Amino acid sequence: MQTLRLTVDAHDLTSEISRASLKRAAEILRSGGTVAMPTETVYGLGANALDPSAIAKIFAAKERPSWDPLIVHISDTEMLRQVAASIPESAAKLIDAFWPGPLTLLLPKRDVIPSAVTAGRPRVGARMPQHPVAHALIREAGVPIAAPSANRFGRTSPTTAEHVAEDLDGRIDAILDSGETNHGLESTVIDVCEDPCIVYRPGVISLEEICAAGVNAILFREVVETHPVEPASLPSPGVGLRHYAPKAKLILIDGDGEVQIAAFADALKQEQQNDAILGLMLPDAFESAAKESGAIIYRWGNWSDTEELAQRLFAGLRSLDKAGATVILCPLPVAAGIGVAIRDRLLKAARTD
């Protein structure tokens, strides 16, 4: 399969090139094909959410197991009513507060949604993306679009079209290139059918923001199995998996302040003795620990700016992989706000089971 490369200017959707690209991508989706599209979170691999054969192409291209559900992207509330059987009060509050935006709601699904989309479960993940290109593509296609991240299963999520091509070139019909994504982390996923609501995947929208919108919610607590077995299905994307992982071994350094910086320096020295090709996810506060280390460095950004760290996280892991690192050292940010989501991704990426 030859993967078509299409370009859209998010700041000028009415240009001749943008209109032609959106029209072609929509035609591919309506005909049962697959299109990688930008969202404000990461690039997603889209297909018609109402077409079982198109959904099967997503799973085949990503080599994604059938027990991992997909998220359905919509353009308006009318389309939401096509996929969701009901809208609980908590969902209505969150829609008012955060849509369009990086928040996925688990809702009772309509029968029109193929069981493969939800891994056989009765709830469908629905989200209205904020990215103008994603929004325009869904409107142009006229169908809800199922779209997990546009990468091979378990790998680091893509934040540019080039990242998508690294994993899926020749495996999907088209890539819609609109530059780098804004947030760089996947959407928050919350089950609004439970009381309290359950945040299964922390993301750009924090638990604190959800509660401030008047919704009673808690974080899902995963139980890591000593001898994991393949699940029948997962309640949400991104749960209970080694996920978001670089090819290199990922070593995480937790702690606080100078103690964490010292631990990072100690880990660096240890890995140098092991003759690893070292890559460093290096925030500005940790630069003193890496002087004259000879390691491959990705300058991660301002350690106190967790939004910047989130936006650059997956790009950094992919950059160090591409540069040939066999071991990546990475400090863990504080577990507050979007830092909770960054820690979630890194801890899953570092799992060895």
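Heads up: the structure comes first, above all this text.
These numbers were taken from a predicted model, which means no experiment stands behind them. (Residues numbered from 1 in each chain as written. Predicted model: local features only at pLDDT ≥ 70, side-chain atom pairs only at ≥ 80, totals over all residues. Heavy atoms only, no water.)

**Brief notes about the pairing of strand β15 (residues 327-331)**
The condition that has to hold: Using a 1.4 Å probe on the protein chains alone, a residue whose accessible area is under 20% of its type maximum counts as buried, one over 50% counts as exposed, and one in between counts as partly exposed. Secondary structure counts use DSSP, requiring at least four H or I residues in a row for a helix and at least two E residues in a row for a strand, with both numbered from the N terminus. One requirement defines pairing of two strands: DSSP has to find at least two bridges between them.
Most of β15 sits out of view: five of its five residues are buried. The side-chain alternation of β15 yields two buried faces, one formed by Val 327, Leu 329 and Pro 331 and the other by Ile 328 and Cys 330. Pairing between strand β12 (residues 249-253) and β15: five bridges, direction parallel. In the strand pairing of β15, Leu 250 is matched with Ile 328. Bridge analysis of strand β13 (residues 278-283) against β15 gives three bridges, and the strand direction is parallel. When the sheet's bridge partners are listed, Gly 279 is paired in β15 with Ile 328.

**A word on helix α6 (residues 161-168)**
Rule in force here: Contacts are assigned to residue pairs that have any heavy atoms within 4.5 Å of one another.
Within α6, six of the eight residues are buried, leaving the element largely enclosed by the surrounding structure. What α6 keeps buried is the set Ala 161, His 163, Val 164, Ala 165, Asp 167 and Leu 168. Against the buried residues of α6 lie β1 (4-7), β2 (35-37), β3 (44-48), α2 (52-62), β8 (174-177) and α9 (306-322).

**Quick look at the environment of Arg 345**
Quick reminder of the rule: Throughout this description, a polar contact denotes any pair of N or O atoms lying within 3.5 Å of each other; where both atoms belong to protein, one of them has to be capable of donating a hydrogen while the other can accept it, and for residues adjacent in sequence the pair is counted only when both atoms sit in side chains.
The class for Arg 345 is buried, based on a relative accessible area of 1%. Once the C-alpha coordinates of Arg 345 and His 243 are considered, the two residues, 102 residues apart in sequence, prove to be 7.4 Å apart. Those residues in contact with Arg 345 that sit more than four places away from it in its chain are Leu 185, Glu 186, Ser 187, Arg 201, Pro 202, Gly 203, His 243, Tyr 244, Leu 313 and Phe 314. At 2.8 Å, the side chain of Arg 345 and the side chain of Asp 344 are in polar contact.

**Section: the packing of aromatic side chains**
Rules: Here is the rule: rings of Phe, Tyr and Trp (six-membered ring for Trp) pair when centre to centre is within 6.5 Å. Planes less than 30 degrees apart are stacked, more than 60 are edge-to-face, and the remainder are tilted. A ring is scored as having a charge over it whenever the NZ atom of a lysine or the CZ atom of an arginine sits within 6 Å of its centre and within 35 degrees of its normal.
Inspection of the entire model under this criterion finds six aromatic pairs. Ring geometry for Trp 67 against Phe 153: centres 6.1 Å apart, planes inclined by 85°, an arrangement best described as edge-to-face. A residue pair is termed long-range when its members are at least 10 positions apart, and Trp 67 in the loop between α2 and β4 (71-73) and Phe 153 in the loop between β7 (145-146) and α6 qualify at 86 residues. With a relative accessible area of 10%, Trp 67 lands in the buried category. For Phe 153, a relative accessible area of 23% corresponds to the partly exposed category. Plain terms: the ring middles of Phe 264 and Phe 286 are 5.4 Å apart, the flat faces sit at 70° to each other, and that makes the pair edge-to-face. In this pair, Phe 264 is assigned in helix α8 (residues 257-273) and Phe 286 in the loop between β13 and β14 (296-301), connecting sequence segments 22 residues apart. Accessibility classification places Phe 264 together with Phe 286 in one group, the buried group. Within the aromatic cluster, the residues linked to one another by ring pairs are Phe 264, Phe 286, Trp 300 and Trp 303. The residue whose ring lies beneath Arg 345 is Tyr 244, and the NZ or CZ to ring-centre distance is 5.2 Å.

These results come straight from atomic positions and should not be treated as a statement about function.
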